[in-house]
Amino acid sequence: MEEVIIVGAGIGGLTLGLALHDARIPCRVFESAAEIRAVGVGINLLPHATKELAALGLEAALAKVAIATTDATFFNRFGQLIYQEPLGRAAGYDHPQFSIHRGDLQVVLLEAFRSRAGADRLLTNRHCIGVEQDEAGVTVTFSDGPGGAARSSVSGSVVIACDGINSAVRKQFYPDEGEPRYSGVNMWRGVTLWKPMLSGASMVRAGWLSHGKMVIYPIRPAGADGLQLVNWVAEIETPNYRRRDWNRAGSLDDFIGPFAGWHFEWLDVPALLRAADHVLEFPMVDQDPLPRWSFGRVTLLGDAAHPMVPRGSNGAGQAILDARALTAALLEQADPVTALAAYQRQRLEATTRIVLTNRTNPPDAILREVFQRTGDRPFDAIDDVISREELVALSEGYKRIAGYSRDALSR
Ligand SMILES: Cc1cc2nc3c(=O)[nH]c(=O)nc-3n(C[C@H](O)[C@H](O)[C@H](O)COP(=O)(O)OP(=O)(O)OC[C@H]3O[C@@H](n4cnc5c(N)ncnc54)[C@H](O)[C@@H]3O)c2cc1C
């Protein structure tokens, strides 16, 4: 097969590059940024995604830089334990859940791609501004950066747009779609070097969105000083937000209020927030699911295809699953147009369900239930508020929809 052109060297684009290389399908990756810097904060990879990364021979490299998360633990805003369940290998999966710095994940993928496929297979400073196709192939045009004039072009057999939530290729097919849809929740994120809390590999969700919710989990193994890099996200319902920019600095004063009294036995939350070296602010956004991703020789993958609100730890994972499905389709179908249509059939409906469920009933629905049933007051015993069976059902329901229930994965 002629070359596959991958637009974007994020999590989806690099995973696709590795999977295609593994399948001996020639490809090149074209990235807008002048150099790939380890940007972002924490991200979670659930067992369905780590299974695919293990198949690409990356588990050992990831284990060195990530935390193999052992449990999900839910508290109310008074620090009372609502629910705890094991995760990843601790829950009997064949593969771990990794909590990892997005930059560390990107570096593992990038180094593997460069060393396996060759450094010349990844070109930076190539900002895609449009694609054209005919019976014989596709041509992608690049500028030096957003708003720049056309500077170069490349031709190949198919184009896979892995260019993230503001995808230029998606805009070409859906010019009237408009800006990403604000969920009503703004986020402030940061990382702090801190001593291990709870199991040292716990993913904590606490509080509720209307009064302030926190997600906290370590993302790097402890150093010689015993401190771990801990990722935290403050999520608060507010009509105020600014356009998503992954690097926008936020201010502690804008969000610390609701968490000022969160001095718990297991963690002093305001102290953790104050010790962060900087704060990032971005709105929680997604887009309505699309009816179609594949247009002849062009298709969308990852956030370009199905941006979702980050309430189910599934954004990176679903991009990784897309990469695997697309590679399989290109291997199975001699005709690239048929392959892209088959990929869409396999992934569009599945990811649509996740996008919509993340809006309504992601794992933190557990917190909402307890918040509503207690009228946001402390409880004497959690069993008086909600049964263990109901809590398990809420958690398992999401796993089934997002495709990582243990039974489905071992099948
Ligand atoms: C800088 C950055 C920081 C992020 N930080 C976090 C975080 O802290 N936590 C979290 O949960 N998620 C974060 N994300 C999003 C997360 O990586 C994605 O939700 C998920 O991994 C899906 O990956 P993706 O490959 O589809 O998109 P992304 O990982 O967003 O990758 C898209 C890639 O395409 C490139 N690109 C964009 N436009 C063009 C263009 N026109 N031409 C060529 N290349 C283009 C981008 O520079 C980027 O490298 C971040 C994304 C970015 C780009």
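Residue indices begin from 1 for each chain and proceed along its sequence in written order. pLDDT decides what is reported in this predicted model: residues at 70 or higher carry local features, side-chain atom pairs at 80 or more are listed and counted, and totals for whole chains, interfaces and linings draw on all residues regardless. Hydrogens and water are ignored here; the side-chain numbers use all heavy atoms of the structure.

Caption draft 1: Geometry of the overall build of the protein chain. In this text, helices come from DSSP runs of H or I with a minimum length of four residues, and strands from runs of E with a minimum of two, each type numbered from the N-terminal end. A tally of helices and strands in the protein chain yields 12 helices and 18 strands. The globule rule used here is 2.2 Å times the number of residues to the 0.38 power, and the radius of gyration it is set against is calculated over C-alpha atoms. Taken over C-alpha atoms, the radius of gyration comes to 21 Å for the protein chain, in line with the 22 Å a tight globule of 411 residues would show. Its C-alpha atoms give the protein chain principal-axis dimensions of about 70 × 45 × 45 Å. Working definition: with a 1.4 Å probe on protein chains only, accessible area under 20% of the residue-type maximum means buried, over 50% means exposed, and in between means partly exposed. Buried positions account for 57% of the 411 residues belonging to the protein chain. Residues count as neighbours in contact if any of their non-hydrogen atoms are within 4.5 Å of one another. Taking all contacts inside the protein chain whose residues are at least 6 apart in sequence as the whole, residues at least 24 apart take part in 73%. Accessible area for the protein chain stands at about 16900 Å²; split by element, carbon and sulfur atoms hold 49% of it. Within the protein chain, the 48 negative side-chain charges are centred at a point lying 2 Å from the centre of the 42 positive side-chain charges. In this description, accessible areas are obtained by the Shrake-Rupley approach with a 1.4 Å probe, and a residue is regarded as covered only by the protein chains that are shown. The charged-residue count follows a simple rule in which Lys and Arg add positive charge and Asp and Glu add negative charge, with His and chain termini not counted at all. The location of each charge is read from NZ of Lys, CZ of Arg, CG of Asp or CD of Glu.

Caption draft 2: Examining the packing of helix H7 (residues 315-332) against helix H8 (residues 336-360) more closely. Every axis corresponds to a line fitted to the C-alpha atoms, with the helix fit spanning only the stretch in contact, and the corresponding angles, defined between N-to-C directions, vary from 0 to 180 degrees. Between H7 and H8, the shortest axis-to-axis distance is 8 Å and the interhelical angle comes to 155°. What the angle tells us is that H7 and H8 run roughly antiparallel. Of the two elements, H7 crosses H8, and the hand of that crossing is right-handed. Between H7 and H8, the residues in contact are Gln318, Leu321, Asp322, Ala325, Leu326, Ala329 and Leu330 and Ala339, Leu340, Ala342, Tyr343, Gln346, Arg347, Thr351 and Ile354, respectively. Of the residues assigned to the contact of H7 with H8, the class counts are 10 nonpolar, 3 polar and 2 charged. Put simply, angles under 35 degrees are roughly parallel, angles over 145 are roughly antiparallel, angles from 65 to 115 are roughly perpendicular, and the rest are oblique. Left-handed describes a crossing whose near helix is turned anticlockwise from the far helix through less than a right angle; right-handed describes the clockwise counterpart. Residues are grouped as follows: Ala, Val, Leu, Ile, Met, Phe, Trp, Tyr, Cys and Pro are nonpolar; Asp, Glu, Lys and Arg are charged; all remaining types, including Gly, are polar.

Caption draft 3: Inspection of the sheet that holds strand S10 (residues 138-143) at higher detail. Pairs of strands are assigned from DSSP output, requiring at least two bridges between the strands. The sheet built from 3 strands is open, its strands ordered S9-S10-S11 with antiparallel pairing. The two strands at the open ends of the sheet, each matched to only one other strand, are strand S9 (127-133) and strand S11 (150-156). Put simply, the sheet's adjacent strands are angled 25° from each other on average, direction ignored. Both S10 and S11 contribute to a ladder of 6 bridges, which runs antiparallel. Counted as the bridge partner of valine 140 is valine 154 from S11.

Caption draft 4: Representation of the pattern of salt bridges. Within this document, salt bridges are pairs made up of a side-chain nitrogen of Lys or Arg and a carboxyl oxygen of Asp or Glu, the two lying within 4 Å of each other. Going through the model one piece at a time under the given rule, you end up with 20 salt bridges. Across the pair glutamate 390 and arginine 373 runs a salt bridge, and its minimum N-O distance is 2.7 Å. You can see glutamate 390 sitting in helix H11 (residues 388-402) and its partner arginine 373 sitting in helix H9 (residues 365-374), a full 17 residues away along the chain. For glutamate 390, a relative accessible area of 34% translates into the label partly exposed.

Caption draft 5: Region of the structure containing H8. Taking 1.5 Å as the rise per residue, H8 with 25 residues should run 36 Å; its terminal C-alpha atoms sit 36 Å apart, in good agreement. Think of it this way: the bend at a residue is just the angle between two axes, each fitted to seven residues, one set ending at that residue and the other starting at it. At arginine 347, H8 shows its largest kink, close to 30°. A helix's residues, less one, multiplied by 1.5 Å, set its expected span.

Caption draft 6: Quick peek at a negative patch on the surface. Taken together, Asp380, Asp383, Asp384 and Glu389 make up a surface patch of like negative charges. Of note, aspartate 380 is situated in the loop between H9 and helix H10 (382-385). Here, patches come from residues exposed beyond 30% relative accessible area and free of salt bridges, joined within 9 Å for like charges and within 5 Å for nonpolar side chains (Val, Leu, Ile, Met, Phe, Trp, Tyr).

Caption draft 7: Examining the packing of aromatic side chains more closely. Note on aromatic contacts: the rings of Phe and Tyr and the six-membered ring of Trp form a pair at centre separations within 6.5 Å, being stacked when their planes are under 30 degrees apart, edge-to-face when over 60 apart, and tilted otherwise. Taken as a whole, this structure holds 12 aromatic pairs when the rule is applied. Put simply, the rings of Phe75, Phe259, Trp262, Phe264 and Trp266 touch in pairs and so form one group of aromatic residues. Whether a charge sits over a ring comes down to the Lys NZ or Arg CZ being within 6 Å of the ring centre and within 35 degrees of the ring normal. Over the ring of tryptophan 194 we find lysine 195, and its NZ or CZ is 4.8 Å from the ring centre.

Caption draft 8: Region of the structure containing the side chain of threonine 69. Tracing the chain through its elements places threonine 69 in the loop between strand S4 (67-68) and strand S5 (71-75). Pairs of N or O atoms are called polar contacts if they sit within 3.5 Å, as long as, within protein, a hydrogen donor faces a hydrogen acceptor (for residues adjacent in sequence, only side-chain-to-side-chain pairs). A distance of 2.6 Å separates a polar atom in the side chain of threonine 69 from a polar atom in the side chain of serine 99. Filtering out sequence-adjacent residues up to four positions away, threonine 69 remains in contact with Asn44, Leu87, Gln97, Phe98, Ser99, Ala201, Ser202 and Met203.

Caption draft 9: Here's a closer look at the pairing of strand S3 (residues 42-45). The alternating pattern of S3 places Gly42 and Asn44 and Ile43 and Leu45 on opposite faces, both of which are buried. Taken together, the 4 bridges between S3 and strand S7 (residues 98-101) define a ladder with antiparallel strand orientation. Looking at the pairing, glycine 42 lines up with histidine 101 of S7.

Caption draft 10: Representation of the sheet that holds S3. Spatially, the 3 strands line up as an open sheet ordered S3-S7-S4, and their pairing is antiparallel. The sheet is open, and its two borders are formed by S3 and S4, each paired with just one other strand. Sheet topology note: the S4/S7 ladder contains 2 bridges and is antiparallel. For alanine 68, the partnering residue across the bridge sits in S7 and is phenylalanine 98.

Caption draft 11: Geometry of helix H1 (residues 11-22). Given a rise of 1.5 Å per residue, 12 residues ought to cover 16 Å, and the 17 Å separating the end C-alpha atoms of H1 matches this to within 8%. If you check which residues of H1 are buried, you get Ile11, Gly12, Gly13, Leu14, Thr15, Leu16, Gly17, Leu18, Ala19 and Leu20. Among the structural elements, strand S1 (4-7), strand S2 (27-30), helix H2 (47-55), helix H4 (102-117), strand S12 (158-161) and H7 are those in contact with the buried residues of H1. Directly after H1, the chain includes arginine 24, whose backbone phi takes a positive value near 60°.

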